[in-house]
Amino acid sequence: MAKDRTELILKGGMYRVLVYLSTPIIINSLIQTLYNLVDGLWVSRISSVHFAATTFVWPVNWIFVSLGSGLSVAGTSLLSQLLGAGQESRAREYSAQLTALSLLISLLFAAVGYLSAPLIVGLMGGAGELAELSILYLRIIFFELPAVFLYFAIYSMLHAQGDTITPMIFSAASAILNAILDPIFIFTFNWGLAGAAWATVLSRALLAAAGALLVLGGKNRLKPDFKGFRFQRGIVKEMVQVGLPASIGQSGEALGFAAFNAFIASYGTAVLAAYGLVNRITSLVMQPATGMGHALTAIVGQNMGADQMARVKEAFFKAVKLAVLIGVVGCIILIAFDEPIILFFMQARDDPEVISESLTYLWFVAVSMPLMGIFSAFSGLYQGTGHTKYAMNMNVGRLWLVRLPMIVLLGRFTSWGSTGIWFSMSFSNLIICLYGYWVYRTKPWQESVLVSKKETGAKPLSAAE
């Protein structure tokens, strides 16, 4: 089955390949988004301040998780290129290194995050009840990091082989468990916000355990072998070289959102709650386009490994077409049904200003949805080729070089108020897509990170000559 998927990726009709690989990813991403939405729905029944607390600390956890997802990007890119080049033995060695490195880093991050939670919330400007709830939620959530990092490594092995269905099944089971545990922990056990956090941690842990049993005990082409295991400096270095830009890009984006949240919080909890609410809704609608970009990583990687650059470009252009179409449809749906959607997702209607701000923000973000689809396609292309620095530049630049400066300038020199925030969010997507196109036309992204594909044995790719 795994070899059949490789055959499809390297030779099949491109629209079929994109739909085949992206559909499970899209469903998986929708499940993950629903994961967060379910938490939000239950927490919003407590109060808008509890809901705002989860939004406030979300970027902090994302900063730590981003470093693990950077390793996952490196794993998918390198493993898919090795499979495309027919070097399965080297790919299995990389799998073992990836798994061990992910677990080691996750344990370190979990400890640092737990101990520094009060300091982090204080630096972000949290005060009073918001700060107390944020620290409580954040400390519990850090316990999920080892499970999340381990699952990222497992996902890389499966994704590199073109297996996007198994992660979808596992994620669905985990999301269902989370949906069951949320009301029990929050209301039946009367744990409140802590209950939502513990439900997430337990669900993630069981997801990682199931994934580990699969890749270690099944007929996985990339089954890691830990007999006599030791870290190999060359392979670890190469993973870091490819994964670090992705980690910096995503963690830099998360850090930007943390600064962004601190700025938004200065406008009041109503604006902060509206920001978190609309982001969860739009992330749900945009999952098909985002999934298309993620599918590109394996498609581009395997075809790069097989020296099929024409198919790499074909995959990119067709992914852009599909992503734009999805964005247009999403825009129409959100604008046509804006108020019913907002009212459905904000169960505690204790503050009318939250509803008003949410409706305004929803309109601005809806019109930029086609651009968000293009952004995902560019990211998938550059991550799949291993030139992750360009995806990093897009992630970091969108926030730090465009969005945040615009918000400060509009807040200082105009009377737009929170509308300046919403406008900057949308306009930054246009600017960064123009940058992505400039990179596509002028930079050497077509050069493979594989110096040689003929070398065998457990050596780092950079050591092959």
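Residues numbered from 1 in each chain as written. Predicted model: local features only at pLDDT ≥ 70, side-chain atom pairs only at ≥ 80, totals over all residues. Heavy atoms only, no water.

Enquirer: Just to check I follow, could you spell out helix H12 (residues 309–336) for this structure?
Expert: Each turn of an α-helix holds 3.6 residues, which means side chains three or four residues apart point in the same direction. With 28 residues, H12 should reach 40 Å at 1.5 Å per residue; the first-to-last C-alpha distance of 41 Å fits that figure. Within the span of H12, buried status applies to Arg311, Val312, Ala315, Phe316, Lys318, Ala319, Val320, Ala323, Gly327, Gly330, Cys331 and Leu334. (Helix = DSSP H or I, 4+ residues; strand = E, 2+ residues; numbered from the N terminus. Expected span 1.5 Å × (residues − 1). Buried < 20%, exposed > 50% of the residue type's maximum accessible area, 1.4 Å probe, protein only.)

Enquirer: Where do I start with empty space enclosed by the protein in this structure?
Expert: Unfilled space is identified by rolling a water-sized probe across the atoms. Taken as a whole and assessed by the stated rule, the structure comprises 2 cavities of 30 Å³ or more. Roughly 40 Å³ of volume is contained in the second largest cavity. If you go around the second largest cavity, the residues you meet are Leu37, Gly40, Leu41, Phe51, Leu277, Arg280 and Phe345. Where the lining of the second largest cavity is concerned, the elements lending two or more residues are helix H2 (14–44) and helix H10 (269–285). It is H2 that provides the largest number of residues to the lining of the second largest cavity, a total of 3 residues. Classifying every residue of the lining of the second largest cavity gives 5 nonpolar, 1 polar and 1 charged. (1 Å grid on protein atoms, 1.4 Å probe; cavity = no way out; pocket = protein on both sides within 12 Å on 5 of 7 lines; lining within 4 Å. Points joined across faces, edges and corners; volume = space filled by probe spheres on them. Nonpolar A, V, L, I, M, F, W, Y, C, P; charged D, E, K, R; others polar.)

Enquirer: Explain the environment of Leu67 to me, please; I cannot follow it from the model alone.
Expert: Residue position: Leu67 is located in helix H3 (residues 48–84). Overall, Leu67 belongs to the partly exposed group, its relative accessible area being 26%. The sequence separation of Leu67 and Ser251 amounts to 184 residues, and the corresponding C-alpha distance is 6.6 Å. Beyond its immediate chain neighbours, meaning those up to four positions away, Leu67 contacts Phe109, Phe149, Ser247 and Ser251. (Contact = heavy atoms within 4.5 Å.)

Enquirer: Explain unusual backbone geometry to me, please; I cannot follow it from the model alone.
Expert: A negative phi angle is the norm for most residues apart from glycine, just as the trans form is the norm for most peptide bonds. Even without glycine at this site, Asn190 takes up a positive phi of about 60°. By the secondary structure assignment, Asn190 is in the loop between helix H7 (165–188) and helix H8 (193–217). With a relative accessible area of 65%, Asn190 lands in the exposed category. With phi around 60°, Asp307 is a residue other than glycine that occupies positive phi space. Its relative accessible area of 61% is what places Asp307 among the exposed residues.

Enquirer: What's the story with the side chain of Arg311 in this structure? I'm lost.
Expert: Looking at the element boundaries, Arg311 is found in helix H12. Within the structure, Arg311 has its side chain in polar contact with the backbone oxygen of Ile9 (distance 2.8 Å). (Polar contact = N/O pair within 3.5 Å; in protein donor to acceptor, adjacent residues only side chain to side chain.)

Enquirer: I'm lost on the pattern of salt bridges in this one. Help?
Expert: Pairing between side chains of opposite charge can happen when their charged atoms approach one another. One pass over the structure, following the stated rule, counts 5 salt bridges. A salt bridge links Glu88 to Arg92; the shortest N-O distance between them is 3.6 Å. Note that Glu88 and Arg92 are positioned in helix H4 (residues 88–123) at a spacing of 4 residues, about one turn of the helix. The partner of Arg204 in a salt bridge is Glu144, with the nearest N and O atoms 3.4 Å apart. With Arg204 in helix H8 and Glu144 in the loop between helix H5 (128–141) and helix H6 (145–160), this pair connects stretches of sequence that are 60 residues apart. (Salt bridge = Lys/Arg side-chain N within 4 Å of Asp/Glu carboxyl O.)

Enquirer: Quick question: what am I supposed to make of the nonpolar core here?
Expert: As a rule of thumb, soluble globular proteins bury nonpolar side chains together. Residues Leu145, Phe260 and Tyr275 are the most contacted members of the largest nonpolar core, which totals 72 residues. With 9 residues, the single largest contributor to this core is H3. Look past the residues within four positions of Tyr275 in its chain and what remains in contact with it is Thr55, Phe257, Phe260, Asn261, Ile264, Tyr361, Trp422 and Met425. Counting residues in hydrophobic clusters, the runner-up holds 60 residues, among them Ala74, Leu222, Val242 and Phe378. (Core = buried A, V, L, I, M, F, W, Y, C linked by side-chain atoms within 4.5 Å.)

Enquirer: Help me understand the confidence of the model for the protein in this model?
Expert: In regions of low pLDDT, the predicted coordinates are not meant to be interpreted in detail. When pLDDT is averaged along the protein, the result is 85; 94% of the residues meet or exceed 70. For the stretch residues 451–465, pLDDT sits under 50, and the model shows 38 contacts to residues farther than four places along the chain or on other chains. (pLDDT = per-residue confidence, 0-100.)

Enquirer: I'm lost on the environment of Leu325 in this one. Help?
Expert: Note that Leu325 resides in helix H12. Residues Leu325 and Ala289, 36 residues apart in the sequence, show an inter-C-alpha distance of 8.8 Å.

Enquirer: Is there a simple way to think about the packing of aromatic side chains in this case?
Expert: What describes a pair of aromatic rings is the distance from one ring centre to the other and the angle between the planes of the rings. Throughout the structure, instances matching the rule amount to 26 aromatic pairs. Between Phe185 and Phe189 the ring centres are 5.5 Å apart and the planes differ by 20°, which places this aromatic pair in the stacked class. Relative to Tyr382, the ring of Phe378 has its centre 6.0 Å away and its plane inclined at 15°; by these criteria the two rings are stacked. Pair noted here: Phe378 and Tyr382 are both in helix H15 (residues 369–384), with a separation of 4 residues, about one helical turn. No difference in accessibility class separates Phe378 from Tyr382, as the two residues are buried. By way of ring pairs, the aromatic residues Phe316, Phe317, Phe378, Tyr382, Tyr390, Tyr440 and Trp445 are connected into one cluster. Here the basic side chain of Arg139 rests over the ring of Tyr114, its NZ or CZ set 4.6 Å away from the ring centre. Lying across the ring of Phe375, Arg398 places its NZ or CZ 4.3 Å from the centre. (Phe/Tyr/Trp six-rings, centres within 6.5 Å; stacked < 30°, edge-to-face > 60°. Lys NZ or Arg CZ within 6 Å of the ring centre and 35° of its normal.)

Enquirer: I'm lost on the environment of Ile407 in this one. Help?
Expert: In this structure, Ile407 sits in helix H16 (residues 388–413). Separated by 197 residues in sequence, Ile407 and Ala210 place their C-alpha atoms 44 Å apart. Not counting the four nearest positions on each side in its chain, Ile407 is found in contact with Phe260, Phe263, Gly420, Ile421 and Ser424.

Enquirer: Is there a simple way to think about the packing of helix H11 (residues 287–305) against H15 in this case?
Expert: The angle between the axes and the distance between the axes are what describe a pair of packed helices. Two elements in contact, H11 and H15, have axes whose closest approach is 7 Å; the angle formed by their N-to-C orientations is 20°. Taken as axis vectors, H11 and H15 run roughly parallel relative to one another. Like other packed secondary-structure pairs, H11 and H15 cross with a definite hand, here right-handed. Each of Ala289, Thr290, Gly293, Leu296, Thr297, Val300 and Gly301 in H11 lies in contact with H15, whose residues at this interface are Gly373, Ser376, Ala377, Gly380, Leu381, Gln383 and Gly384. Split into classes, the residues belonging to the contact of H11 with H15 amount to 5 nonpolar, 9 polar and no charged. (Axes fitted to C-alpha atoms, helices over the stretch in contact; angles between N-to-C directions. Parallel < 35°, antiparallel > 145°, perpendicular 65-115°, else oblique. Left-handed = near helix turned anticlockwise from the far one by under 90°.)

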